[in-house]
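Examining the three-dimensional arrangement
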Amino acid sequence: MDRSINNLQQRKVKALLLKFFVWFCGILTVGILIYILLFILLKGIPKINLVFLLGEYNSETLSAFSSIVATIQMIVLSLLISVPIGVFCAIYLAEYAKRGNKAVKVIRLAIDTLAGIPSIVYGLFGMIFFVNILGFRASVLSGICTISIMILPVIISSSEEAIKSVPDTYREGSLGIGATRLRTVFRIVLPTATPGILAGIILAIGRIVGETAALIFTSGTNVLKNPSLNLFASQRTLAIHMYMLAGEGLPHSRDMAFATGAILIIVVFLVNYATTKFAGRIGRLQ
Amino acid sequence: MQTRHSNINEIIMQAIFFLSALISVIAVLAICLFLFMRGIPAISEIGFMDFIFNEKWAPTNTPASYGILSMIVGSVYVTAGAIVIGVPIGLMCAIFLAEFCPDNVYKVVKPAVNLLAGIPSIIYGFFGMEAIVPLVRENFRGNGYSILSSAIILGIMILPTIISISESSIRAVPENYAEGSYGLGATKEETVFKVIVPAAKSGVLTSIILGIGRAVGETMAVVMVAGNSVMPLDQIGILKPIRTLTTNIVTEMSYASGLHESALISTGVVLFVFIIMLNTSLSLIKSKAQRN
């Protein structure tokens, strides 16, 4: 009897300890995030000024203007390439592909593989193929081509999920009133799936903005005095700008690396907010 | 007439959808082809054994030496360190989210985990360089650029992967497992740790493998905190600098040419083959879990 009470107490202590440990790890995770964010933002935000954002680049200003323009250019053009391909691929997988089809298995394996390839390997491939073999040189164009492949799995999987979440009754209704399959896809399925597809696109934007390893050998580390939309010029994006500044090791460049980091974190914030907003909308629809 | 017209449209569009789907396959094949095309000849020129099992990397010496064993070992060390740090915290956090977390706390922790996943590696690297490296330098020996700093940063970086996948696999464990356990008089904690988490083990394993993949492939965050010196095998230490496969590529590519450049691409090939092996083991686990 005594022993069993002891045993019970032991079990209770053990349970309490485990509970404490589990709570601790949950809070620790949030704590790490807050620490990283504050660390960069508190030192970075005071350093952001108009010259840094919109001025001419020189060793004094270390302006991010041309890198910001290059980043936006890269986002727009690589989305123009990958969104149609990704969404069409998702339509094929969700609407047309038959179950157990061999081709589908291969396609899914390829998408999974693309999603798992580290960005440095994309960078090497881009350097070999786009920069050297196709002769695009180190340029924004090479960067765009490389990045478009890299974000493809993100766009495909979120689009496919969004398309699959469209209720079958919508399709049946449309087919029932005599619409063709294609018309149903474009008039009913895609519009309903738009929020989910947008969430995927925004996620992809986040990846493009933060990417360094895949771009450093493709679009290069060059910085222009003034922004240029020349696709054949080698230009650094914002993330590479930060890497280069951090690597210079001077106090001033270090400050500006903090400032660039703060901008990147603000972008990540916006991206995250927008994604959950759109994703929440599909959630309600279901 | 109109139906025939739309029939043609249907066929054309269906072909376009299918071709778009094939692009991913073509991309994977192209990546394999061009990477191997540039990497394999260099490996055979250096000699496979001399490339993989030689610890001496001195591409600018005459005669040059291109052994990457030290970097392979380096990648293994930082990845193992990341797993040791990231998996316990991540798994506990996943258990917290799935089983113990009140709704209003969930609304804070879950978005935090998502945000952690969205932070670019350059930010992690810079944070590591400015916060973790000085911390290691002040509390231990050495200059702070070390295996330990890399492992800490990578451990944080794999947290979101571990947490989200483990959480959803814990949530997927059928309700009646827990009911059975409560019926036998087990406490909530005993039920979670002895019944639910073991039942979710294939999902947890998947999350760990994905975490390994992320840690092995990570470049920019590691290059900023690892110090990047090529260490002879007998001098590798947790507080000493290290060079990994990925950082070997990124530190030297900008000035490499000829066989040196090809050897760096071959380093990428080794990394790529390793990632493919991880992916294969992942799909094996998946198909095994589906069969059960």
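Being a predicted model, the structure only gives us computed values, none of them experimental.

When helices and strands are tallied, chain A shows 10 helices and 0 strands. Along chain A, helices (α) and strands (β) appear in the sequence α-α-α-α-α-α-α-α-α-α when read from the amino end. Since a compact globule built from 286 residues should have a radius of gyration of about 19 Å, the 24 Å found for chain A marks it as more spread out than a globular shape. In terms of its C-alpha atoms, chain A occupies a principal-axis envelope of roughly 75 × 70 × 35 Å.

Turning to the interface of chain B and chain A, a few remarks are in order. Opposite the 67 residues of chain B that make contact, chain A presents 64 residues. It is helix α1 (residues 2–46) of chain B that provides the largest number of residues to the side of chain B that touches chain A, a total of 20 residues. Here the residues of the side of chain B that touches chain A sort into 48 nonpolar, 15 polar and 4 charged.

Now for helix α9 (residues 238–248) of chain A. All names here are of chain A. Taking burial as the measure, the 11 residues of α9 include 9 buried ones, the bulk of the element. Within the sequence span of α9, burial applies to Leu238, Ala239, Ile240, His241, Met242, Tyr243, Met244, Leu245 and Ala246. Looking one or two places after α9, you find glycine 249, whose phi comes out positive at around 75°.

Turning to the environment of A:Ser119, a few remarks are in order. When you line up the elements, A:Ser119 lands in helix α5 (residues 119–133). As for A:Ser119 and A:Ile147, which are separated by 28 residues in sequence, their C-alpha atoms are 9.2 Å apart. Sequence-distant contacts of A:Ser119, defined by excluding residues within four places in its chain, comprise A:Met150, A:Glu211, A:Ala213, A:Ala214 and B:Thr219.

All right, on to the packing of helix α4 (residues 102–116) of chain A against helix α6 (residues 140–164) of chain A then. Residues and elements named next belong to chain A. Packing of α4 against α6 leaves a shortest axis separation of 8 Å and a crossing angle of 125°. Judged by the angle between their axes, α4 and α6 are oblique. Pair α4 / α6 crosses with left-handed handedness. Counted together, Ile111, Leu114 and Ala115 of α4 and Leu152, Pro153 and Ile156 of α6 form the full contact between these two elements. Of the residues belonging to the contact of α4 with α6, the class tally is 6 nonpolar, no polar and no charged.

Moving on to the packing of α5(A) against helix α12 (residues 258–291) of chain B. Axis separation between α5(A) and α12(B) bottoms out at 10 Å; the angle between their running directions is 135°. Relative to α12(B), α5(A) is oriented oblique. α12(B) is crossed by α5(A), and the crossing has left-handed handedness. Residues A:Ile120, A:Val121 and A:Leu124 of α5(A) touch α12(B), and the partners they reach there are B:Ile265, B:Gly268, B:Leu271 and B:Phe272.

Moving on: unusual backbone geometry. Geometrically, the link from B:Thr62 to B:Pro63 is a cis peptide bond, its omega value of -5° lying close to zero. Residue placement: B:Pro63 occurs in the loop between β1 (57–58) and β2 (65–66). Positive phi values are uncommon outside glycine, yet A:Leu62 reaches one of about 50°. Mapped onto the elements of the fold, A:Leu62 is located in the loop between α2 (50–54) and α3 (65–96). Positive phi values are uncommon outside glycine, yet B:Asn228 reaches one of about 65°. Of note, B:Asn228 is situated in the loop between α10 (220–225) and α11 (245–252).

About the thresholds
Residues numbered from 1 in each chain as written. Chains lettered and ligands numbered in written order. Predicted model: local features only at pLDDT ≥ 70, side-chain atom pairs only at ≥ 80, totals over all residues. Helix = DSSP H or I, 4+ residues; strand = E, 2+ residues; numbered from the N terminus. Rg over C-alpha atoms; globule rule 2.2 N^0.38 Å. Contact = placed C-beta atoms within 7 Å. Nonpolar A, V, L, I, M, F, W, Y, C, P; charged D, E, K, R; others polar. Buried ≥ 20, exposed ≤ 12 C-beta atoms within 10 Å, placed from the backbone. Axes fitted to C-alpha atoms, helices over the stretch in contact; angles between N-to-C directions. Parallel < 35°, antiparallel > 145°, perpendicular 65-115°, else oblique. Left-handed = near helix turned anticlockwise from the far one by under 90°.

Shape descriptors only; they carry no functional weight alone.
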